[in-house]
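The residues making up each chain are set out below.
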Amino acid sequence: MSFQTRKFFYGDIPEVAGGQNVSSQPSINENNWPLWEVFIRSKQGLDHKHAGSLHAADAQMAIENARDVYTRRMEGVSIWVVESRYIHASNPEESESLYEPANDKVYRHPTFYVLPEAVKNM
Amino acid sequence: MQDLEKLFQDKIDTEIKIEPKDWMPEAYRKTLIRQISQHAHSEIVGMLPEGNWITRAPSLKRKAVLLAKIQDEAGHGLYLYAATETLGVTRESTIDDLNSGKAKYSSIFNYPTISWADIGAIGWLVDGAAIMNQVMLCRTSYGPYARAMVRICKEESFHQRQGFEALLVLSRGSKEQKVMCQDAINRWWWPSLMMFGPKDSESTHSDQSMKWKIKRMSNDELRQRFIDMIAEQVKVLNMTLPDPELKWNDIRGHYDFGEINWDEFWQVVKGNGPCNRERLEARNKAHEEGRWVREAAMAYAQKKAGKKAAA
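On a predicted model such as this, the values are computed, not experimentally measured, just so you know.

Quick notes on the rules
Residues numbered from 1 in each chain as written. Chains lettered and ligands numbered in written order. Predicted model: local features only at pLDDT ≥ 70, side-chain atom pairs only at ≥ 80, totals over all residues. Heavy atoms only, no water. Contact = heavy atoms within 4.5 Å. Salt bridge = Lys/Arg side-chain N within 4 Å of Asp/Glu carboxyl O. Helix = DSSP H or I, 4+ residues; strand = E, 2+ residues; numbered from the N terminus. Buried < 20%, exposed > 50% of the residue type's maximum accessible area, 1.4 Å probe, protein only.

Visitor: What exactly am I supposed to notice about the interface of chain B and chain A here?
Guide: By convention, interface size is frequently given as the accessible area that disappears when the constituent parts associate. Facing 30 residues of chain B, the contacting portion of chain A comprises 31 residues. Summed over the shared surface of chain B and chain A, the number is five salt bridges. Measuring nitrogen to oxygen at the nearest pair gives 2.5 Å for the salt bridge that ties B:D72 to A:R72. Those elements giving two or more residues to the side of chain B that touches chain A turn out to be α4 (60–85), α5 (91–100), α7 (143–171) and α13 (291–310) of chain B.

Visitor: Would you explain the pattern of salt bridges in this entry?
Guide: Oppositely charged side chains can form a pair if their charged atoms are brought close together. Counted according to the given criterion, the structure contains 31 salt bridges over all chains. Between B:E165 and B:K61 there is a salt bridge, with the nearest N and O atoms lying 3.9 Å from each other. Residue B:E165 is found in helix α7, and its partner B:K61 is found in helix α4; the two are separated by 104 residues along the sequence. Given a relative accessible area of 34%, B:E165 falls into the partly exposed group. On the basis of relative accessibility, which here comes to 49%, the residue B:K61 falls in the partly exposed class. The partner of B:K285 in a salt bridge is B:E289, and the shortest N-O contact between them spans 3.7 Å. On the criterion of helical spacing, the pair formed by B:K285 and B:E289 is a turn pair, its members being four residues apart in helix α12 (residues 276–289). Here the residues in one salt-bridge network are A:R72, A:R73, B:D72 and B:E155, joined through shared partners.

Structure, rendered in structure tokens:
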């Protein structure tokens, strides 16, 4: 198996929506380390959050580099890394149609319902 | 096309950050690539003058501090290279531009570190000047750049404090130490002021960058703010700044200061500073000598991945 080194960047989306047919752009140099996205859990009980990205030859090196770069001051207790090319993202140009259905459903918010003052604890 | 441009400017005007896949004018993208990669190169080249003193730091404590600081600079370079990559350029081409001399980095790092006091002066003055700029950039309009700057600013304040503290120790020391402290301040003061770039009246990139909110304060504003700050701090050291014209101006509410030697500034920018050649040679040497490591790591990863697929 050979590594694909075509890069995606965080927040990026492939030209073809959904990340299919990604081989259209050949990489310049097969020997370049791929790009990884780093997610850090800052303490137990919290979600992993995107911290940044880095290049590494494999997952283990990505985790070790992430430790060196992103947790030098005890910023994390757990690290996830994922190769950037595996991240699929929504397209900002489609934001309107994608999020539009949520816009007119105000009844999904508690403040939509007006109750008498007498009702407590609700 | 005009609509897209208007939409873009509306976002900027209403303080909505621009993210990598959003539409942006080509000139905005180019300006950011230039500025962020220059910034990244500065962090990386900036490790060299300080690296000069790792083995000669006066105590184990100072050595540990210096190592930690230099490691931070490497990290800062990485955050910024990653932000540059979100604009669609590869890491390799960005680094090639540095190594070939095509890309610029901050001229301050073309000055030599000839005494231990220089390490203190760099922390206090050079990092101090950088922080003025970086605090402003935490609010820059491009999301990945702003996020990198927030992270950098959090780490950078220890750099300035350790530098001032190192000078403070010297300023309270022997006669020789005091002379060394003053000498370092004398040599680093003017180059630090040059870090803010040309005067507003001469700066070619400023207007558009302000409109796009890449920059939010002008070179002269930031420089004045820095001078006002340092002119007070230097009193704590019982040292002086090498500018006979430096004087508080009650009417302006700022310090007046003497003329910067812009000839020197442009000479160093153009590659004729004391250490320009040495710095580039060091970067190229590191890049070449690391090549087999990069290749071996990749070959190993491919071999391992192959074995896993076969199993």
